[in-house]
Amino acid sequence: MATRLKIFLPFGLLILSVLIVPVSVMLISSLQNMDGGFSFSNYHQIFFSRYYRGAIYNSISISLITSLISLVISIIGAWALTKLSLSTKNILITVFNMSSSFAGVPLAFSLIILFGNAGVFKAITSTLHVHDALNIYSVTGMTFAYTFFEIPLGIMFFFPVLDSLNREWFEVSDVLGASKMFFISKVIFPIILPNIVEIFVLLFANAMGTYETVYALMGNNLVSIPTVIGSLINGELVANVPLACAFATLFTVIMTIIVWLGNRVTNIKGRRIS
Amino acid sequence: MEKHADKVIAKIVITLISVYLVAPIIATIMYSFAKSWVNTILPDGWTLEWYLQLVTNSDFLSALVRSIILGIVTTIIAMCCFLPVVFYANVYDESIKARLRFITVLPFTIPGIVLVTGLVRVYANLPIPQMLVLLLAISLLSLPVTYQALDNAFIAHDFRAMFEQALILGDSPLKAFVKVVIPNIRVGMFIAMLLTFTSAFGEYVLTNIILGGNYETLKIYMYRLMQSNGQASSVLTTVYFFFLAIISIIMIAIMKRQGNKKVEEVGDTKKL
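Computed from a predicted structure; not experimentally measured.

## Some remarks on the overall build of chain B
Here's step 1: A tally of helices and strands in chain B yields 13 helices and 0 strands.
Here's step 2: The secondary structure elements of chain B, listed N-terminal to C-terminal, are α-α-α-α-α-α-α-α-α-α-α-α-α.
Here's step 3: Relative to the globule expectation of 19 Å for 272 residues, the C-alpha radius of gyration of chain B, 23 Å, shows a markedly less compact shape.
Here's step 4: Seen through its C-alpha atoms, chain B measures out along the principal axes to roughly 70 × 70 × 35 Å.
Here's step 5: When the 272 residues of chain B are sorted by exposure, 50% land in the buried category.
Here's step 6: Intrachain contacts of chain B at a sequence separation of at least 6 include 70% that bridge at least 24 residues.

Here it is as structure tokens:
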């Protein structure tokens, strides 16, 4: 018992001090008003203010679109990756790994070089006299920016799934006279559907929690859940930590439900197949 | 015939995706060597001036040192907290692993910006060094990566037998762990340490909000430069990128060597 305690003590203390206590306090103070009394005023404020509703709307729409696009591209990318030779695979996995860790300030900066107001893309479109439809400093621009780390992340999640599929299945269905489309839609798709759901959920959640890239690109000019939380803590609008807590709690509750649902879908499907 | 067509399509797809993902990185590297690059498709000329400027800048060196310190201390904390638990879970009680599964979704349900809200609420006004709060919090955020890498280190050997034999031979548990277990997981541990170090080295959200401008790490310095001097910032970003690249290459090399060894080992046992 004593050794067990020793083993778990540092880990337990860490989890307690920087996870359980702060998250619990966050939950509690989201239900307090400025004077410390119990109230739903923070949540009331979030749902009845057009500004805060806009933050929720922006976060959800950016994340939804970017993760759907990235999901499709990363399935295709992961499939293509399985067709390549082992050494090429290794190199590409390193490349994807690096481009996903490039997210944040470095990515924001390089996107400004490429698509900013004095950037390469603007130069190309003005020499070609094409109308430049992309404004990187906008909701659409953000949706686009997120794909630079969502796609590599998606590929790295999907690759092991597709790589483990049994190649003989295709030969069997081919011998039995099934077309390639039939094989993909009736055999492969049902098998990887739980993984698709799971990976979509992870990509969505990852996009929802993205702060560094948005903040570095647009400061607090893009209103999303993370940037609102950031400015409420930093006091760039008016510091209101309880309101930030309410936002953060809302975020955690929604994400926990979505991730949990995603896991459940995966488990049920997984069981049915086995 | 169809297989060949597949391969060609696969190559085209991968090339397109790679070009798309690598374009920002290439642009940054080019920008760092450019004399000036405003409103033109290619830079006006090439120079090393910005590199010299950055390397001789004392702000850069102190930011680098701060990031390295952050990385090293976080790695030590993370190892002290997680190594014993992962060891125990793998060797004595596999059922703990199921309970530790929540760790893998932690960064998705509680990302940095959410965690920092709670941390600020609890610790901002307490008389404890905020640096300590930051170090512990970054260790926690690195947990999923560290945990996974450490967990992989324990595949392959019968650590229970090893550990218990050392105990019977009279070693204290700590001594047995250091003498018998650690040498056998040193490669996996090294990878876990590299990953933890990298995540702490590049941390931005927590450092910026908890310590503000009081502790300017590489990323915070990068952000400040980005506002004032684009060229210098691109040099810093390039340096940061090469740092990431070197770490990935080291890791791939180690894992490849390990992989080969394992294949050989399996081959040997099969022969027996």
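Structure's up, so let's keep going.
## Quick notes on the overall build of chain A
Here's step 1: The helix and strand inventory of chain A stands at 12 helices and 0 strands.
Here's step 2: Beginning at the N terminus, the succession of helices and strands in chain A can be written as α-α-α-α-α-α-α-α-α-α-α-α.
Here's step 3: If you line up chain A on its principal axes, its C-alpha atoms span 75 × 70 × 40 Å.
Here's step 4: Counting over 274 residues, chain A shows a buried share of 51%.
Here's step 5: When the accessible surface of chain A is totalled, it reaches about 12,800 Å², and 69% of it is carbon and sulfur.

## Overview of the interface of chain B and chain A
Here's step 1: On the chain A side, the residues contacting the 77 residues of chain B number 83 residues.
Here's step 2: Here chain B meets chain A over a buried area of about 6,900 Å², counting both sides, of which 80% is carbon and sulfur.
Here's step 3: Per-residue buried area on chain B facing chain A is highest for Leu21(B), Phe108(B) and Arg121(B); these three make up 10% of the total on that side.
Here's step 4: Put simply, Lys83(A) and Asp6(B) hold a salt bridge, and the shortest N to O gap is 3.7 Å.
Here's step 5: The tally of links between chain B and chain A comes to 4 residue pairs in polar contact (both at pLDDT 80 or more).
Here's step 6: The set of elements that each furnish at least two residues to the side of chain B that touches chain A consists of α1 (2-33), α3 (58-91), α5 (102-109), α6 (112-123), α7 (130-141), α11 (205-211), α12 (218-228) and α13 (230-271) of chain B.
Here's step 7: Taken together, the residues of the side of chain B that touches chain A sort by class into 55 nonpolar, 14 polar and 8 charged.

## What about the domain arrangement of chain B?
Accessible area lost during the coming together of the parts is what is often quoted as the interface size.
All names here are of chain B.
Here's step 1: Domain boundaries in chain B define domain 1 (1-47) and domain 2 (59-271).
Here's step 2: Placing a centre on the C-alpha atoms of domain 1 and another on those of domain 2 gives a separation of 31 Å.
Here's step 3: Summed over both sides, the interface between domain 1 and domain 2 buries roughly 630 Å², with carbon and sulfur atoms accounting for 70% of that surface.
Here's step 4: On inspection of domain 1 and its partner domain 2, the count reaches 0 salt bridges.
Here's step 5: Class assignment for the residues of the side of domain 1 that touches domain 2 results in 5 nonpolar, 3 polar and 1 charged.

## Some details on the UniProt feature "transmembrane region" (unreviewed entry) in chain B
Residues and elements named next belong to chain B.
Here's step 1: Under the UniProt annotation, "transmembrane region" (unreviewed entry) lies at residues 12-34, 68-90, 102-124, 130-150, 187-211 and 231-254.
Here's step 2: Helix makes up 96% of residues 12-34 and strand 0%, with an end-to-end C-alpha separation of 31 Å.
Here's step 3: When the span residues 102-124 is considered, its composition is 87% helix and 0% strand, and the gap between its end C-alpha atoms is 27 Å.

## Observations regarding the packing of aromatic side chains
Residues and elements named next belong to chain B.
Here's step 1: Going through the model one piece at a time under the given rule, you end up with 25 aromatic pairs over all chains.
Here's step 2: An angle of 75° between the planes, with centres 5.1 Å apart, marks the rings of phenylalanine 87 and phenylalanine 163 as edge-to-face. Taken together, the residues phenylalanine 87 in helix α3 and phenylalanine 163 in helix α9 (residues 159-168) connect sequence positions 76 residues apart. As far as the burial class goes, phenylalanine 87 and phenylalanine 163 line up, both buried.

## Regarding the UniProt feature "transmembrane region" (unreviewed entry) in chain A
Here's step 1: In the numbering used here, UniProt assigns the "transmembrane region" (unreviewed entry) feature to residues 7-31, 51-79, 91-116, 136-162, 183-205 and 241-262 of chain A.
Here's step 2: Annotation note: span residues 51-79 of chain A, helix share 100%, strand share 0%, distance between end C-alpha atoms 42 Å.

## Description of the packing of helix α4 (residues 86-101) of chain A against helix α7 (residues 139-163) of chain A
All names here are of chain A.
Here's step 1: The geometry of α4 relative to α7 is characterised by a closest axis approach of 8 Å and an angle of 140° between their N-to-C directions. With respect to the hand of their crossing, α4 and α7 are arranged in left-handed fashion. Residue-level contacts link Lys89, Ile93, Phe96, Asn97, Ser99 and Ser100 of α4 to Phe148, Phe149, Pro152, Leu153, Ile155, Met156, Phe159 and Asp163 of α7.
Here's step 2: Residue composition of the contact of α4 with α7, by class: 9 nonpolar, 3 polar and 2 charged.

## Points about the packing of α3(B) against helix α10 (residues 173-201) of chain B
Residue and element names in this part refer to chain B.
Here's step 1: The N-to-C vectors of α3 and α10 enclose an angle of 135°; their axes lie 9 Å apart at closest approach. Compared by their axis directions, α3 and α10 come out oblique. Crossing of α3 over α10 shows right-handed handedness. Contacts between α3 and α10 pair Leu64, Ser67, Ile68, Leu70, Gly71, Ile72, Thr74, Thr75, Ala78, Met79, Leu83 and Phe87 from the former with Phe177, Val181, Ile185, Met189, Ala192, Met193, Thr196, Phe197, Ala200 and Phe201 from the latter.
Here's step 2: Across the contact of α3 with α10, the residue classes tally to 17 nonpolar, 5 polar and no charged.

## Some remarks on the environment of Val21(A)
Here's step 1: Among the structural elements, Val21(A) can be located in helix α1 (residues 2-29).
Here's step 2: For Val21(A), a relative accessible area of 31% translates into the label partly exposed.
Here's step 3: Look past the residues within four positions of Val21(A) in its chain and what remains in contact with it is Leu16(A) and Val122(B).

Calculation rules
Residues numbered from 1 in each chain as written. Chains lettered and ligands numbered in written order. Predicted model: local features only at pLDDT ≥ 70, side-chain atom pairs only at ≥ 80, totals over all residues. Heavy atoms only, no water. Helix = DSSP H or I, 4+ residues; strand = E, 2+ residues; numbered from the N terminus. Rg over C-alpha atoms; globule rule 2.2 N^0.38 Å. Buried < 20%, exposed > 50% of the residue type's maximum accessible area, 1.4 Å probe, protein only. Contact = heavy atoms within 4.5 Å. Areas by Shrake-Rupley, 256 points an atom, 1.4 Å probe, with all protein chains shown as cover. Buried area = accessible area lost by both parts, 1.4 Å probe. Salt bridge = Lys/Arg side-chain N within 4 Å of Asp/Glu carboxyl O. Polar contact = N/O pair within 3.5 Å; in protein donor to acceptor, adjacent residues only side chain to side chain. Nonpolar A, V, L, I, M, F, W, Y, C, P; charged D, E, K, R; others polar. Domains from an automatic or database assignment. UniProt positions renumbered as here; feature names shortened; annotations may be inferred. Phe/Tyr/Trp six-rings, centres within 6.5 Å; stacked < 30°, edge-to-face > 60°. Axes fitted to C-alpha atoms, helices over the stretch in contact; angles between N-to-C directions. Left-handed = near helix turned anticlockwise from the far one by under 90°. Parallel < 35°, antiparallel > 145°, perpendicular 65-115°, else oblique.

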